[in-house]
Amino acid sequence: MSAVRTVAGDVLPQDLGVCDAHDHLFFASPQLSGQELRDMSAARAELAAFRAQGGTSVVQWTPYGLGRRAADLPPLARDTGVHVVAATGLHQAAHYAPELLTGLRGRLADVFVSELMSGIGTSGVRAGLIKVAGGFHALDAHARWTMTAAAEAHHATGAPIAVHLELGTGALDVLDLLCGELGVPPRRVILGHLNRSPDFVVQREAAEAGAYLAFDGPSRAHHATDWRMPDAVRALADAGFGHRLLLGGDTTTAAARSVNGGPGMPYLLRRVRPRLELALGKELVDRILTENPGRAFAADWR
């Protein structure tokens, strides 16, 4: 039976409820020095604020080595009543010390499988997805290495693969590699940040291939394209791909949290949801927030 692997155990897809399909409770990278998400009380407050807006599940895309704080996720989920899904995987090389990457050579897929099936470190908390990343309009050697390991781990476990698209680009290259060369079914691939490159033709081709398309934001860096997101979502829905769409907040810095004066997790339901309801209607937006994440993140765990 298909199930979504949360930090508190496997749940039925329909039990996710209203889902923020891409966000971060904890995240620390040298690329965002001074803006790390490390504060436990702030994470709890952010989840509680999301819950107050009607949210019931959050998928954290923070991968290996970037401050996931896996052991702290089950208490947060329990205290706030929000399902939390954790990730394994690996981000772009720029987010890591070279020696860490060297230490993963030859065993990356095994690390992913272990974190999905046994637990992250000594926490016992199992990841529910594999997160990897592409480059700007291209896939470098690091991306190909991590995606090859992700595909191997998928074939061993059934886990979905979520992909950071740099500035929203490279979606078709990712699908060519993961699905064309490495045999991952497109329905097991979630493409993130598509709102950052509002190319409706590429978005439609990715949807036609069978992948899930995640529209996540907002942010100061991508404000020039954030406002075009409703048009992109409506175009895909009108073309018959409403069942392939996901929505997320992607809070990556402390300043972006609602508890620190930013939009944060609640913004997805407080402002994005009603805006999309004007474009798509309430019924479809409800399905995008509930039914679609349940299908996208559920797996027949092997």
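Residues numbered from 1 in each chain as written. Predicted model: local features only at pLDDT ≥ 70, side-chain atom pairs only at ≥ 80, totals over all residues. Heavy atoms only, no water.

Participant: Mind showing me how you'd approach the pairing of strand 10 (residues 212-216) here?
Facilitator: For a regular strand, side-chain orientation follows a simple rule: the groups alternate between the two sheet faces. Within strand 10, five of the five residues are buried, which leaves it mostly tucked inside the rest of the structure. What you see with strand 10 is no split at all: Tyr212, Ala214 and Asp216 on one side and Leu213 and Phe215 on the other are buried throughout. Pairing geometry for strand 9 (residues 189-192) and strand 10, over two bridges, is parallel. Paired with Ile190 across the bridge in strand 10 is Tyr212. Each parallel crossover has a hand, and for strand 9 linked through helix 7 (residues 200-209) to strand 10 it is right-handed. Pairing analysis gives four bridges linking strand 10 to strand 11 (residues 245-248), with the strands arranged parallel. The residue bridging Ala214 from the neighbouring strand is Leu246, located in strand 11. (Buried < 20%, exposed > 50% of the residue type's maximum accessible area, 1.4 Å probe, protein only. Helix = DSSP H or I, 4+ residues; strand = E, 2+ residues; numbered from the N terminus. Pairing = 2+ DSSP bridges. Right-handed = clockwise from strand over helix to strand, strands pointing away.)

Participant: Where do I start with the sheet that holds strand 1 (residues 3-6) in this structure?
Facilitator: Whenever strands of a sheet pair, they do so through backbone hydrogen bonds, lying parallel or antiparallel. Read from one edge of the open sheet, three strands run 2-1-12, paired in antiparallel fashion. If you trace the sheet from one side to the other, it starts and ends with strand 2 (9-11) and strand 12 (298-299), each paired once. Pairing analysis gives three bridges linking strand 1 to strand 2, with the strands arranged antiparallel. Bridged to Arg5 within strand 2 is Asp10.

Participant: Is there a simple way to explain the pattern of salt bridges in this structure?
Facilitator: If charged atoms from side chains of opposite charge come close, those side chains can pair. Counted under the stated rule, the structure contains 12 salt bridges. The partner of Asp10 in a salt bridge is Arg5, and the shortest N-O contact between them spans 2.8 Å. You can call Arg5 buried: its relative accessible area is 4%. Salt bridges here are not isolated pairs; linked through shared partners, they connect Arg273, Glu277, Lys282 and Asp286. (Salt bridge = Lys/Arg side-chain N within 4 Å of Asp/Glu carboxyl O.)

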